[in-house]
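# A look at the structure
Read off the chains here:
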Amino acid sequence: GNRYNPSQGGVSTVFNFFANNEDEDTFHLVDNKPAPRQRFGGRGRFNQQRFQRRDQAQPADRDQGVGAVRERSRQQRIQSKKQQQWNTWAFNRDRNVITYNSSVDIRPDWAVLEQVQLSSLSKSSFDMVKAKVVPEELGSYGNLRWFDKSFDRVTPKLERELLKTRKMAYNPTASDDPVLQELAKKSGKGTVFATDAMVAAIMCSSRSVYGWDLVVTKSHGQIFLDKRDESNFDLLTVSETAQDPISDDKDNINGVPMLSHESTNANFNYSQQVLAANDAEKPMAFGKPDPFMSAGEDAATVGYRYRKWQLSAELALVARCELNGVVESKGANALLSIKALTEFDSKVTGVDWRQKIETQRGAVIATELKNNANKLAKWTCCALLAGADQMKLGFVSRTHPKDPYNHAIINTQTYKPKDFAAQINLTEANMWGVFKAVAEMCLKLDDGKYLLVKDPNKPILRMYEVPPDSFNDDYAKEPLMDNM
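Note that the structure is predicted; figures quoted are calculated from it, not measured. (Residues numbered from 1 in each chain as written. Predicted model: local features only at pLDDT ≥ 70, side-chain atom pairs only at ≥ 80, totals over all residues. Heavy atoms only, no water.)

## Details of the environment of Leu 317
- By the secondary structure assignment, Leu 317 is in strand E9 (residues 316-323).
- Taking the relative accessible area as the measure of exposure, Leu 317 reaches 0% and is therefore buried.
- Along the chain, Leu 317 and Phe 435 lie 118 residues apart, while their C-alpha atoms are 9.8 Å from each other. (Helix = DSSP H or I, 4+ residues; strand = E, 2+ residues; numbered from the N terminus. Buried < 20%, exposed > 50% of the residue type's maximum accessible area, 1.4 Å probe, protein only.)

## What about the packing of helix H5 (residues 196-203) against helix H12 (residues 428-443)?
- Between H5 and H12, whose axes approach to 8 Å, the crossing angle comes to 100°. On the basis of their axis angle, the class for H5 and H12 is roughly perpendicular. Only Met 431, Trp 432, Val 434, Phe 435 and Val 438 of H12 make contact with H5, whose side of the interface consists of Val 199, Ile 202 and Met 203.
- Among the residues forming the contact of H5 with H12, the class breakdown is 8 nonpolar, no polar and no charged. (Axes fitted to C-alpha atoms, helices over the stretch in contact; angles between N-to-C directions. Parallel < 35°, antiparallel > 145°, perpendicular 65-115°, else oblique. Contact = heavy atoms within 4.5 Å. Nonpolar A, V, L, I, M, F, W, Y, C, P; charged D, E, K, R; others polar.)

## Describing the sheet that holds strand E13 (residues 407-415)
- One open sheet holds the 5 strands; their spatial order is E3-E13-E12-E11-E10, and the pairing between them is mixed. Taken across any chain shown, the strands that pair with only one partner, and hence form the sheet edges, are strand E3 (160-161) and strand E10 (325-329).
- Bridge count between strand E12 (residues 390-398) and E13: 8 bridges; the pairing is antiparallel. Looking at the pairing, Leu 393 lines up with Gln 413 of E13.
- Relative to strand E11 (residues 332-343), helix H10 (residues 373-386) is tilted by about 165°, and along the sheet it contacts E11 and E12. (Pairing = 2+ DSSP bridges.)

## Notes on the pattern of salt bridges
- Counting across every chain of the model gives 14 salt bridges.
- Residues Asp 177 and Arg 320 are paired through a salt bridge, measuring 2.8 Å at the closest nitrogen-oxygen approach. Taken as a pair, Asp 177 in the loop between E3 and helix H4 (178-185) and Arg 320 in strand E9 lie far apart in primary sequence, 143 residues in all. As far as the burial class goes, Asp 177 and Arg 320 line up, both buried.
- A salt bridge links Arg 398 to Glu 262, with the nearest nitrogen and oxygen atoms 2.7 Å apart. Taken together, the positions of Arg 398 in strand E12 and Glu 262 in helix H6 (residues 256-273) put the pair 136 residues apart, joining distant regions of the chain. Note on accessibility: Arg 398 and Glu 262 belong to one class, buried.
- Each of Glu 137, Arg 305 and Arg 307 takes part in one network of salt bridges that share partners. (Salt bridge = Lys/Arg side-chain N within 4 Å of Asp/Glu carboxyl O.)

Without other data, these values stay purely geometric and don't point to any function.
Structure below.
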């Protein structure tokens, strides 16, 4: 008979069971005791499920060909990129976005002729060794004072007060340099004329964050790069490339404008204080007399090198390069480029120099390379352009975090420019590749006046065509703060 009776109660169910005598012979007693629990059974079940998922995710019979492997690699790269984008968005969503002002008032009638993404410039390369380009010396001017070696022994426990110098500093733009003007009149002496700071700004433009600008004047096939009279080009930046952006508030002692003035003054004061006084040790004559200093003036002693680089048949750079001092090293005179970093608040920068500069010097340098990548790269470029033998890097800190007017020298470190360039991942091939690309862009322009502008909020360089009388009046000038 049937085991199931669909007519019972009008319901068909598996529980309506009727014994079948034929099954009794095959009936066996089954032990209903629960199976003993295995020790660590939970973890065993977890591992079993994990291996099952792995087997499901990677079936044994899936395509193992080259095309399939390449496709899986592509999918993994896409997923990895999406994850990175998500992480970046999650990190940046709570950060304050600061919009910086342009370095110059852009007029609506200025036409944009060129726009260059800095990411593309970072891939530029020009091998000076392979091209057999070496600098040609066109002249040396000025004097160099001797470095006081006692500053090499300064420590946080033996710090020295940073003194405010009364010496004057001259840094004329290229068009106001009588030596460059004279060289421009000589046939074959150059097509692009500039200062080392201008060349370095272009070479390191891919590392810059804040805005800057240079006036480009082309006439009869020659190009002069100039800074505007009231521009902020000569001001040093502080924490420009830091992860947390600095405020643009002009009244904040830790804002971009005041920090720039503070750091610029501290850098100049340091570069003069570490040199021996004239009456203590006679300065070394570097060449012809200083072309900018008048008789009787108490000006900072600087050595100027005018050098030429023939980058191609059509492109020759002539630049005025600065040296700040000289020191006796291993029986020879080593030419110096002297600069100073400024610490304003260790809670903002992340590392306390007074505590770490001796015991964890690498951490201090690494932090500065992260926060001031552009400034350090430009200083290194200037040292390489000038042919400096050593870089003296001073560490100047506020005596109190809330006092931007008084500072102390707490350490001095010495580097060879090429070694320091390698440490900060700055290659000469990329430096010259970037400058060559921008210079060739300028050479294609018609005779006239132009403005090269770094966008303050985007990694972009723009070339504007401006009227010939631009920047001759006050309409495009920026008010500068009084020196501290």
